[in-house]
Amino acid sequence: MGISARMPCWAFVILYLNSIDLASSDTSADELVTVPKTETLVPSDSEGSSCGCHSLKREGGVLSLEGETVPLSEEAAVKYSKRANDERENDQEPKQDVNGIDEMVLIPAGEFLMGTNNPGIPQDGEGPQRRVHLKQFFMDVHEVSNQDFQTFVNATGYVTEAEKFGDSFVFEGLLSEPVKSQITQAVAAAPWWLPVRGANWRHPEGPDSSIEDSPLLSRMDHPVLHVSWSDATAYCTWAGKRLPTEAEWEYACRGGLKDRLYPWGNKLYPKGQHYANLWQGEFPSHNTGEDGYIRTSPVMSFPANGYGLYDMVGNAWEWTSDWWTVHHTTDELHNPKGPATGQDRVKKGGSYMCHKSYCYRYRCAARSQNTPDSSSSNLGFRCVSQKRL
Ligand SMILES: *[C@@H]1O[C@H](CO)[C@@H](O)[C@H](O)[C@H]1NC(C)=O
Ligand SMILES: [Ca+2]
Ligand SMILES: [Ca+2]
């Protein structure tokens, strides 16, 4: 990447940091929020609909945003934060979790229309709509939880990539002041993502946080976070399963409905009810938590879709096995597995951080991507199998 390509980004960041400094003394916290919500903050995205999450990646083991990091003065950091699947074995008894709920459900063979001709975010390659045929498979009814992941780690001694690298991306709004005060770099186009030393699945907001804080605050039933694509693949393989293809994931998300935006239909709040853990309020400064959660929720806190799958959209993003591309054939496909090679892997469903203004990706056709070694505080996964396990 040439210097000239980087220049605009640096310029935007300097503008952004300056505007915070200039506004600091005589502007209320709420007014500051409006500064980064202009196009200048997200210069590459004319829709203003990017959560910046697809840009999180490692380069040579170092967390970066499209190769760009910017010095963030402690002062600015503090000010910013203030406002802040086998057909023959179907008859086997399904395995149940502690609540007596089947851990995997059958997703019947069928055909569906993948993608959309009415893309919410065209540059993500949501279109064109295309006919896809799939064999039946079984899918985890919920995102892999911290409890599930701990069982795996206890059994295998597995060490995640975030633990090996020593850091992971955390949404700034969840960090404690002591952790924030030690961070000197922020990502240029998405300053709400901070690389945090010691953040990993056991410590989702860094060293002073834990999934097992206390019995009351335990997050053992929340989706595991800070897992890379490689970590997710290791878990599914250990469980005798695999990651879903993007086609399988999207077919499952649609829950048997045709041409609908969400797993439950076209209305975001049917009958005034929340059907997914998303973001209400102003992103990234104010999360009202109207749906009951400002970060992840226990898996299965919201209604299941037509196949009995929970949190297909919202809560945590979910890795799929496909490599990322935005170019798709309109040919009818059978059991597509995505491109043969690539740089990023596809993730689906959006997360508790998604708001229409910034990340309108809590739709079945929506998609985003990360490098396979990336991890963050809103990205998890679930597995599928050909046989019922
Ligand atoms: C994993 O091992 C730890 C330490 O022995 C134990 O406390 C925990 O309950 C185990 N977790 C699971 C899910 O088996
Ligand atoms: Ca929420
Ligand atoms: Ca999810």
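All values reported here derive from a predicted model rather than from experimental measurement.

Engineer: Could you give an account of the overall build of the protein chain, naming the residues involved and the relevant values?
Structural biologist: Looking only at helices and strands, the protein chain features 8 helices and 18 strands. When the accessible area of the protein chain is evaluated, it comes to approximately 16,500 Å², of which 52% is carbon and sulfur surface.

Engineer: Quick one: what's the story with the site of ligand 1, residue by residue and with numbers?
Structural biologist: In the vicinity of ligand 1, the contacting residues are Gln147, Gln150, Thr151 and Asn154. Between ligand 1 and glutamine 150, the relevant distance is 2.7 Å, taken from a nitrogen atom to a side-chain nitrogen or oxygen of the residue. Between asparagine 154 and ligand 1, the recorded distance is 2.2 Å, taken from a side-chain N or O atom to an oxygen atom. Across the complex, the protein chains shield 39% of the 360 Å² of accessible surface that ligand 1 would expose by itself. Classifying every residue of the shell around ligand 1 gives no nonpolar, 4 polar and no charged.

Engineer: Please give an account of helix α8 (residues 246-254) that cites residues and values.
Structural biologist: The buried fraction of α8 amounts to 9 of the 9 residues, a majority that puts the element mostly inside the structure. Those residues of α8 that sit buried are Glu246, Ala247, Glu248, Trp249, Glu250, Tyr251, Ala252, Cys253 and Arg254. Of the residues flanking the end of α8, it is glycine 255, one or two places downstream, whose phi is positive at about 55°.

Engineer: Can you explain the packing of helix α4 (residues 146-156) against helix α7 (residues 229-238)? Please cite residues and give values.
Structural biologist: It is at 11 Å that the axes of α4 and α7 come closest, and there the two elements cross at 80°. Taken together, the axes of α4 and α7 are roughly perpendicular relative to one another. The segment α4 lies against α7, with Asp148, Phe149, Thr151, Phe152, Ala155 and Thr156 engaging Asp231, Ala234, Tyr235 and Trp238. Grouping the amino acids of the contact of α4 with α7 by side-chain chemistry returns 6 nonpolar, 2 polar and 2 charged.

Engineer: Give me the lowdown on the state of the cysteines, citing residues and values where you can.
Structural biologist: Counted under the stated rule, the structure contains 2 disulfides. Residue pairing for cysteine 253: its cysteine sulfur links by disulfide to cysteine 364, the two sulfurs lying 2.2 Å apart. Disulfide cysteine 253 to cysteine 364: torsion about the S-S bond roughly -75°, handedness left-handed. Of this pair, cysteine 253 sits in helix α8 while cysteine 364 sits in the loop between β15 (345-348) and β16 (368-370); the two residues are 111 residues apart in sequence, bridging distant segments of the chain.

Engineer: Explain the confidence of the model for the protein chain residue by residue, including any values.
Structural biologist: Of the residues in the protein chain, 76% have a pLDDT of 70 or more, and the chain-wide mean is 82. Predicted confidence is poor over residues 66-91, with pLDDT under 50, and the contacts of this stretch with residues over four places away or in other chains come to 79 contacts.

Engineer: Give a detailed account of the sheet that holds strand β13 (residues 317-323), specifying residues and quantitative values.
Structural biologist: One open sheet holds the 4 strands; their spatial order is β16-β15-β13-β17, and the pairing between them is mixed. In this open sheet, the two strands that pair with only one neighbour each are β16 and β17 (379-380). Where β13 and β15 come together, 3 bridges link them in antiparallel fashion. Bridging from a neighbouring strand, glutamate 318 pairs with lysine 348 of β15.

Engineer: Please give an account of the coordination of the calcium ion (ligand 2) that cites residues and values.
Structural biologist: Ligation of the calcium ion (ligand 2) by protein atoms is provided by Asn277 (OD1), Leu278 (O), Asp291 (OD), Asp291 (OD) and Tyr293 (O), these donors lying 2.3 to 2.5 Å from the ion. Positions of the donor residues of the calcium ion (ligand 2), expressed as sequence spacing, correspond to N-L-x12-D-x1-Y. Here asparagine 277 is found in the loop between α8 and β11 (281-282), whereas its partner aspartate 291 is found in the loop between β12 (286-287) and β13, with 14 residues between them in sequence. In this pair, the class of asparagine 277 matches that of aspartate 291, namely buried.

Engineer: Summarise α7; cite the residues concerned and give the values.
Structural biologist: The set of residues buried in α7 consists of Trp229, Asp231, Ala232, Tyr235 and Cys236. Projection of α7 onto a plane perpendicular to its axis shows the buried side chains occupying an angular sector of 160°, all on one side. Contacts from the buried residues of α7 go to α4, α5 (161-165), β13 and β15. Where α7 ends, the next residue or the one after it, glycine 240, has phi of about 80°, a positive value.

Engineer: Go over the pattern of salt bridges with me, naming the residues and quoting the values.
Structural biologist: Scanning the model with the defined rule gives 15 salt bridges in all. Of the charged contacts, one joins arginine 131 and glutamate 111 as a salt bridge, the two residues approaching to 2.4 Å between their closest N and O atoms. With arginine 131 in strand β6 (residues 130-134) and glutamate 111 in strand β5 (residues 110-114), this residue pair connects regions lying 20 residues apart in the sequence. Note on arginine 131: relative accessible area 33%, which makes it partly exposed. Classification of glutamate 111 as partly exposed rests on a relative accessible area of 41%. The salt bridge involving glutamate 246 is made with arginine 367; its shortest N-O contact spans 2.7 Å. Highlighted residues: glutamate 246 in helix α8 and arginine 367 in the loop between β15 and β16, separated in sequence by 121 residues.

Engineer: Can you tell me about the sheet that holds β5, naming the residues and giving the values?
Structural biologist: Spatial ordering of the open sheet is given by β5-β6-β14, a layout of 3 strands whose pairing is mixed. Looking at the sheet topology across the chains shown, the edges are occupied by β5 and β14 (333-334). In terms of strand pairing, β5 meets β6 through 5 bridges, oriented antiparallel. What sits directly across from leucine 113, in β6, is arginine 131. Against the sheet, α8 touches β5 and β6, its axis set at about 95° to β5.

Each value, and the rule that gives it
Residues numbered from 1 in each chain as written. Chains lettered and ligands numbered in written order. Predicted model: local features only at pLDDT ≥ 70, side-chain atom pairs only at ≥ 80, totals over all residues. Heavy atoms only, no water. Helix = DSSP H or I, 4+ residues; strand = E, 2+ residues; numbered from the N terminus. Areas by Shrake-Rupley, 256 points an atom, 1.4 Å probe, with all protein chains shown as cover. Near = heavy atom within 4 Å. Polar contact = N/O pair within 3.5 Å; in protein donor to acceptor, adjacent residues only side chain to side chain. Nonpolar A, V, L, I, M, F, W, Y, C, P; charged D, E, K, R; others polar. Buried < 20%, exposed > 50% of the residue type's maximum accessible area, 1.4 Å probe, protein only. Axes fitted to C-alpha atoms, helices over the stretch in contact; angles between N-to-C directions. Parallel < 35°, antiparallel > 145°, perpendicular 65-115°, else oblique. Contact = heavy atoms within 4.5 Å. Disulfide = S-S within 2.5 Å. pLDDT = per-residue confidence, 0-100. Pairing = 2+ DSSP bridges. Donors = N, O, S within 2.8 Å, 3.2 Å for Na, K, Ca; no water. Arc of directions from axis to C-beta. Salt bridge = Lys/Arg side-chain N within 4 Å of Asp/Glu carboxyl O.

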